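# Fold and geometry: a report
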Amino acid sequence: MTDESSPHRRDPIKSSVGNAAAERRRQNAVSVGKERRESLMRAKRFCRVGVSTAIDDNDDSPDHDMVIDEEESILEAQASSAVEELKAAVAFQGKGAVQKKISALQKLRRLLSRSEFPPVEVALKAGAIPLLVQCLSFGSLDEQLLEAAWCLTNIAAGKPDETRALLPALPLLIAHIGEKSSLPVAEQCAWALGNVAGEGEDLRNILLSQGALLPLARMMLPIKGSTVRTAAWALSNLIKGPDQKAATELIKINGVLKAIIQHLKNADDELATEVAWVIVYLSALSNMATIMLVKNNVVQLLVERLASSNSLQLLIPVLRSLGNLVAGDSCTTYDLLVPGHEITDSVITVLVKCLKSEHRVLKKEAAWVLSNIAAGSVEHKQLIFSSEALPLLLHLLSSAPFDIRKEVAYTLGNICVEPVEGDGRPKLIVEHLVSLVNHGCLSGFIELIRSIDAEAARLGLQFMELVLRGMPNGEGPKLVEQEDGIDAMERFQFHENDDLRNMANGLVDKYFGEDYGLEESSS
Amino acid sequence: MEWNQETVQFLSHCFLNTLSPSPAPRRQAESSLASASEQPNYALVVLRLVAEPSVDEQIRMAAALNFKNHLRLWWTRSSTDPSVPTDSRIQGPEKEQIKSLIVPLMLSSATRIQNQLSEALAVISKHDFPKSWPQLLPDLVSSLQKASAASDYVSVIGILSTANSIFKKFRYQYKTNDLLLDLKYCLDNFASPLLEIFLKTAQLIDYTSGPVGTAETLRPLFESQRLCCRIFYSLNFIDLPEFFEDHMREWMTEFQKYLTTCYPSLEKSGTNGLIIVDELRAAVCENINLYVEKNEEEFQGYLHTFATAVWSLLGDVSQSSSRDRLAITAIKFLTTVSTSVHHTLFAGDGVILQICQSIVIPNVRLREEDEELFEMNYVEFIRRDMEGSDLDTRRRIACELFKGIATNYKAHVTAILSVQIQNLLSSFTANPAANWKDKDCAIYLVVSLATKRTAGGSVSASTDLIDVNSFFATVIVSELQNQNVSEFPMLKAGALKFFTMFRSHIPKDVALGLVPDVVRLLTSESNVVHSYAASCIEKLFLVKDEGGKARYTSKDIDPVLLMLMNNLFTALRYSESEENQYVMKCIMRVLAVADLSQGVVAPSIAGLTSVLNEVCKNPKNPVFNHYLFESISVLVRRACERDASLISTFEATLFPTLQTILSNDVTEFFPYAFQLLAQLVDLNRSPIPASYMPIFEILLSADLWNRSSNVPALVRLLQAFLQKAPHELNREGRLSLVLGIFNRLIASPSTEEQGFYVLNTVIENLEYSVIANYMSHIWHALFTRLHKKQTVKFVKSLLIFMSLFLVKHGSENLVISMNAVQTGIFVMILEQIWIPNLKLITGTIEVKLTAVASTRLLCECPDILDVAAARHWGKMLDSLVTLLSQPEEDRVEGEPEVPDIAENVAYTAAFVSLQNAGKKEEDPLKDVRDAKEFLVASLTRISALYPGRFPQIISEALDAANQSALFQFCNTYKCVLV
């Protein structure tokens, strides 16, 4: 899977055959895949239009179209001369010095905001950063601060090295998101910082050590238009780990939890989306945050959002948050999602809605959430078993793309075994197993055994073991045969993964081994 | 070891001699090197020798090989065998130096040495990369960039093969955060340089492949591209990395080019040229196969183009008789597509028919290579054709494609195939001599597309393509009945395979009617045909009817038995079939089933003995040898069951051979020989004949016991002797020899279990008066070992031994003999070993034995019954109730045990147990039926003697669960504790 960046539990079904589905799974904390490609351009954002009307931008209109059409080389030449101009303006001490600086900044900012490929590299080579840092110095006019932060924002939205170039500017950017700054300045600085945080773990750690978390968190508290949204987005970048410390610190900050709840309740889809991403990382990384969110009824709010919205951008983080809450803390499944309670039914209902969705990310995440609920008590398993989700799951197992099938298989596998305490071997829920097998799910699992993916193969083998062991009247081996399961297992005869090889060979030996036949036939 | 002229000379001399054709100097050199390798810095010095240009190349090559093997053995020593020291011979600083030297050295070496060093590097990286070798990847990348800039493709290929081998782990390990971190690190450093070199090479190929290019310039370029593709495969295996998603178009464009473009200047330059291009194409197919399976959403834009490309490529490839690898990977890709969400690509009108005609059937059809294999290497042919090792053959993979398509279009596939099969059969009928391959193709399709299933414990098949019985009657029977056993051998083999696979479907009378034909086919000179005939008969005996009863019995083969045995031994005389395991397995099976009249026994034992005499000269095929010994032992067992007097005939026939095995040091056969001897001893009545006595002497020679693979069989033989001839042991100091063996075995954790077998056998079979004098010595040895290394396994064995001692010779002897070693040691052992470990005992007989012994201690041993020892009494009972009331899996936690002997003897012949020479484990306590009952009855008796005393101890010392369990025992057996 390529789109998780949060550490959902993915340590399912124990490694040895016989210990089948029973544990909740978070997803891997490390990801090599493209980050959240379902939400375009999340990590870094380019700023085209200013954060406030404080900037008098009337004179922009004439060159608006022109810049876009311009040749790259011309743009580069302009950028380098703009930086030169700024250098001169910064050095100039005479009358009208401030205005000179502002207009030089504006020129540079326009160049950096308009084109699809802004001339960041040239600007950096020409020495823009130290000049911009100087323009951020304390006591400068808001307009100047704003222009400088805007330039930095767009530089940071560039390639990794370009983002890193902001390092010298970070202390001042952080200083300007404090409470003494005007809102537009704070927001523009937060934007730049968000881009930096989006770049990577090392930069996040630098920002955190320089104290960016607290002022950013405070920006989320009051309801002041786009400030909150930008701050929430920047925060979601800042806390995304993989270290969990920032997430735990954030939830401990006074008022943050309340603000999250309030936004989740009242905000429009756009803001709710950003807030939901904050919840995604809080719940993925911090146990403490998970517990607090659950205690404060966030599950209910997430469910309401899922039920009422059709915005994919919003649904994805909301569903992911819900999944994390369910995966993260066993109390959630046991205490909150009590079968029979209204909230539990609502959760199942919204998950069914997502399973039915056209969008594969929603389907997959919904199946994942269900797999974690299915890892709960026997009652939870019964609930899913008798819900509308079951036929959908069965259908997806045979028809969906690979990654969805795998999630669905975890759910179906979990439905068939009782929860285990300690390291014991889980008992089967024979009724569920028989019904699922009768609905033809065995072939889906055997398909997984044939896949090249090691985890999927393990899951398939584990389910096959359940069938072999658990189907009444010793019917298991016959069913496995009919689905050509022996052939599927024989592929592992010489597999490089020891676990899979032993599992498959063990099953073949135990249930299909060619006995010596000497004892019986000698009589 | 230091690098100086002397060392260089010494090592060069040794390495040169390791290449010597005469064994003496070679062995001498090998042993000098082995002892030199114990010195620190040995590996480093050898590596410098490899790098020394003044040294002769073949010496450097030998040194490189030795370096690699040394690293493999010693780089990290995480041995599970405790007898091997765990410290590595290669220390930290030496490792660092090796790591800093090896990359540049590998790159500057000639190809053969480069290969060795590249493998050595892979060994190191397996343990050290990336965390303990942060410099490796940056070094490789900068070398790659340098080599690429210089267009030095020898180095480029060296670097890429190294990268390829260190990235392979991403292909099969489970996804964990650690693995993902490693992968991320590799991607961050290598993804972009990989794309760079790939695109650069692609450009060079585009430029060079025109009329100006020569095969020699193209060759390394294609090899480099192939390696890039393999690395692509490893790096993309777990997840689709962001970088690769962003650059998918660049990769796919080149991939597509290689599938659709022809490179005549290389492809036409001899067969080798085509192979090189095909290898790249096959690597491309693996990559797109991976994408379509796991990343079909991102890949779907390319899917159609690739499917078309692969399809038309297969059109060419299927017609050509080499190009297997490419055909297989290309068909695999189509198979994956057929089972994916994009299977509708196959839904079009006539697509499936076209696939059947242009891909499946041409690939299933026999080609020259198959015929050659059939004639020249029957073992390999059978392995692929019959035993499922054909996963990577074109024939099998073509059938897989059909199975894949059938998952969504079953009816359609079945209909088309049925027609195709009929067409193939009619073509055969029209002109059998010319079109016999059509019939083979039809049979192969039916058998391969059948579903494997088990019937009566062995794999067979079922199909809905055809009606099995009518196909059998019309297509198969005629081949089996063909009187000319040498005509169309491949069709006969196919027919026999069909019979074997569908044996449970064929009615008994039909099958029996054909048995004489199959027996006749044993005389076919074709190795495959007589192997299949033997296998067919062997498998028939495994067919079971409903209820598990064997369908074919001795009566069914009686009429052909003599002919059958005769033909089986005849088959063993054909060239290449002297050690035919299928034939020998059939002999074993027949001897296990048939009615063994004298007329069969005599030629059989003569035949088997002569075969054994032959293989003793040079044992080659362990499977054949195993079945041979099984055959002999089943013959001995069953014939003697019928007529006990035959034992002397067997002794007379077998002794000379067994003696040859022992005196000629045919070590591979020692375990078998000892087991056979043990079986013969068992079958004798006491006193055993004097002819066995020399063997008894051999048994007591310490040398044999040194080889761990011998030990289980020796123990088995010793047990047999002790049981049949206990008094022999008491003579000429033999007992102390035996105890010496025990002492030796007990000292090492890998043989301690065998040591206890010896000891238990002695204790069980000899009177106490005989062993009393030795008891101090025995206890001393056991306690010393316990003191030195206390493993769970040892403690359990000790507990079992003490229990056995107690039930055989009484608790008083136990306590007295133990305390004679050291005063009070009995109570100490009881407290520290017996009580806490009792609950770890597993196995029905063992649990019963230790439970009964514990019960007797509780109820008859004064040391414990003493009021002052009430605490021990209570704890002992608590443990005992745990042992008896809880199921094994709850009592025993998975413990890290020393692997048993069979697992850790990788270098010598492993012990293989003979089923037929085996012996049922005997219960030393036949008179006690139920240990729980024994416990409560004994407790009742003793509590009646001391009323009121035990209920109080019980309520204080037993935990609640055990109290209620004990109470339940009492209820069950209607006993009351007062």
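Model, not experiment: these values are computed from the prediction.

A tally of regular secondary structure across chain A gives 31 helices and zero strands. Per-residue burial for chain A yields a buried fraction of 60% across its 523 residues. Intrachain contacts of chain A at a sequence separation of at least 6 include 73% that bridge at least 24 residues. Of the roughly 20,000 Å² of accessible surface on chain A, 51% is carried by carbon and sulfur atoms.

Moving on, we come to the overall build of chain B. Looking only at helices and strands, chain B has 50 helices and two strands in total. Viewed in the frame of its principal axes, chain B has a C-alpha envelope of about 105 × 75 × 65 Å. Look at the contacts in chain B between residues 6 or more apart in sequence, and 74% of them connect residues 24 or more apart. Within the structure as shown, chain B displays about 40,200 Å² of accessible surface, and the carbon and sulfur contribution to it stands at 52%. If you average the places of the 89 positive and of the 108 negative side-chain charges in chain B, the two averages end up 2 Å apart.

Phe167, Leu445, Phe498, Phe650, Leu782 and Phe801 of chain B are the most contacted members of the largest nonpolar core, which totals 354 residues. Contacts of leucine 782 of chain B, omitting those with residues within four sequence positions, involve Phe742, Ile746, Phe756, Leu759, Phe794, Leu798 and Phe801 of chain B. One finds Ala128, Met220, Ala231 and Leu285 of chain A within the second-largest nonpolar core, a separate group that totals 177 residues.

Let us now look at the packing of aromatic side chains. Residues and elements named next belong to chain B. Taken as a whole, this structure holds 40 aromatic pairs over all chains when the rule is applied. Between phenylalanine 472 and phenylalanine 499, the ring centres sit 5.2 Å apart and the planes meet at 50°, which makes this aromatic pair tilted. Placement of phenylalanine 472 in helix H22 (residues 468-481) and of phenylalanine 499 in helix H23 (residues 489-501) is noted, with a sequence separation of 27 residues between them.

Moving on, we come to the packing of helix H19 (residues 378-385) of chain B against helix H25 (residues 527-540) of chain B. All names here are of chain B. Axis separation between H19 and H25 bottoms out at 9 Å; the angle between their running directions is 50°. With respect to each other, H19 and H25 are oriented oblique. In this structure, H19 meets H25 at a crossing whose hand is right-handed. Contacts from Tyr378, Phe381, Ile382 and Asp385 in H19 reach Asn527, Val528, Ser531 and Tyr532 in H25. For the contact of H19 with H25, the residue count by class is five nonpolar, two polar and one charged.

Bringing the side chain of threonine 657 of chain B into the picture now. Residue and element names in this part refer to chain B. Among the structural elements, threonine 657 can be located in helix H31 (residues 646-663). According to the relative accessible area criterion, threonine 657 is buried, its value standing at 3%. A polar atom in the side chain of threonine 657 sits 2.9 Å from the side chain of asparagine 613. Sequence-distant contacts of threonine 657, defined by excluding residues within four places in its chain, comprise Thr609, Leu612, Asn613 and Cys616.

Moving on, we come to the confidence of the model for chain B. Residue and element names in this part refer to chain B. A residue-level look at chain B finds 93% of positions with pLDDT of 70 or above and a mean pLDDT of 86. For the stretch residues 78-86, pLDDT sits under 50, and the model shows eight contacts to residues farther than four places along the chain or on other chains. What the predictor reports for the complex is a pTM of 0.74 with an ipTM of 0.72.

To continue, consider the environment of glutamate 630 of chain B. Residue and element names in this part refer to chain B. Turning to its location among the elements, glutamate 630 is positioned in helix H30 (residues 622-642). On the basis of relative accessible area, glutamate 630 is assigned to the buried category, the value being 0%. Remark: the alpha-carbon pair of glutamate 630 and arginine 589, spanning 41 residues in sequence, is separated by 9.5 Å.

A word on the pattern of salt bridges. All names here are of chain B. Scanning the model with the defined rule gives 63 salt bridges over all chains in all. The shortest N-O distance in the salt bridge between arginine 394 and aspartate 324 comes to 2.9 Å. In this pair, arginine 394 is assigned in helix H20 (residues 394-430) and aspartate 324 in helix H16 (residues 324-339), connecting sequence segments 70 residues apart. According to the relative accessible area criterion, aspartate 324 is partly exposed, its value standing at 36%. A salt bridge links lysine 437 to glutamate 371, with the shortest nitrogen-to-oxygen separation between them at 2.7 Å. On the criterion of sequence distance, the pair formed by lysine 437 in helix H21 (residues 432-449) and glutamate 371 in helix H18 (residues 368-376) is long-range, its members being 66 residues apart.

Here the focus is the environment of cysteine 640 of chain B. All names here are of chain B. Within the fold, cysteine 640 resides in helix H30. Residues cysteine 640 and phenylalanine 650, spaced ten residues apart in sequence, show a C-alpha to C-alpha distance of 9.3 Å. Apart from residues no more than four positions distant in its own chain, cysteine 640 is found in contact with Leu635, Leu646, Ile647, Phe650 and Leu683.

A cis amide bond links phenylalanine 129 of chain B with the next residue in sequence, proline 130 of chain B, at an omega value of -5°. The residue asparagine 297 of chain A is not glycine, and still its phi comes out positive at about 70°. As for its position among the elements, asparagine 297 of chain A is in the loop between helix H16 (287-295) and helix H17 (298-308). With a phi close to 40°, phenylalanine 488 of chain B is a non-glycine residue in the positive phi region. With respect to the helices and strands, the residue phenylalanine 488 of chain B is situated in the loop between H22 and H23.

Calculation rules
- Residues numbered from 1 in each chain as written.
- Chains lettered and ligands numbered in written order.
- Predicted model: local features only at pLDDT ≥ 70, side-chain atom pairs only at ≥ 80, totals over all residues.
- Heavy atoms only, no water.
- Helix = DSSP H or I, 4+ residues; strand = E, 2+ residues; numbered from the N terminus.
- Buried < 20%, exposed > 50% of the residue type's maximum accessible area, 1.4 Å probe, protein only.
- Contact = heavy atoms within 4.5 Å.
- Areas by Shrake-Rupley, 256 points an atom, 1.4 Å probe, with all protein chains shown as cover.
- Lys, Arg positive; Asp, Glu negative; His and termini not counted.
- Charge placed at Lys NZ, Arg CZ, Asp CG, Glu CD.
- Core = buried A, V, L, I, M, F, W, Y, C linked by side-chain atoms within 4.5 Å.
- Phe/Tyr/Trp six-rings, centres within 6.5 Å; stacked < 30°, edge-to-face > 60°.
- Axes fitted to C-alpha atoms, helices over the stretch in contact; angles between N-to-C directions.
- Parallel < 35°, antiparallel > 145°, perpendicular 65-115°, else oblique.
- Left-handed = near helix turned anticlockwise from the far one by under 90°.
- Nonpolar A, V, L, I, M, F, W, Y, C, P; charged D, E, K, R; others polar.
- Polar contact = N/O pair within 3.5 Å; in protein donor to acceptor, adjacent residues only side chain to side chain.
- pLDDT = per-residue confidence, 0-100.
- Salt bridge = Lys/Arg side-chain N within 4 Å of Asp/Glu carboxyl O.

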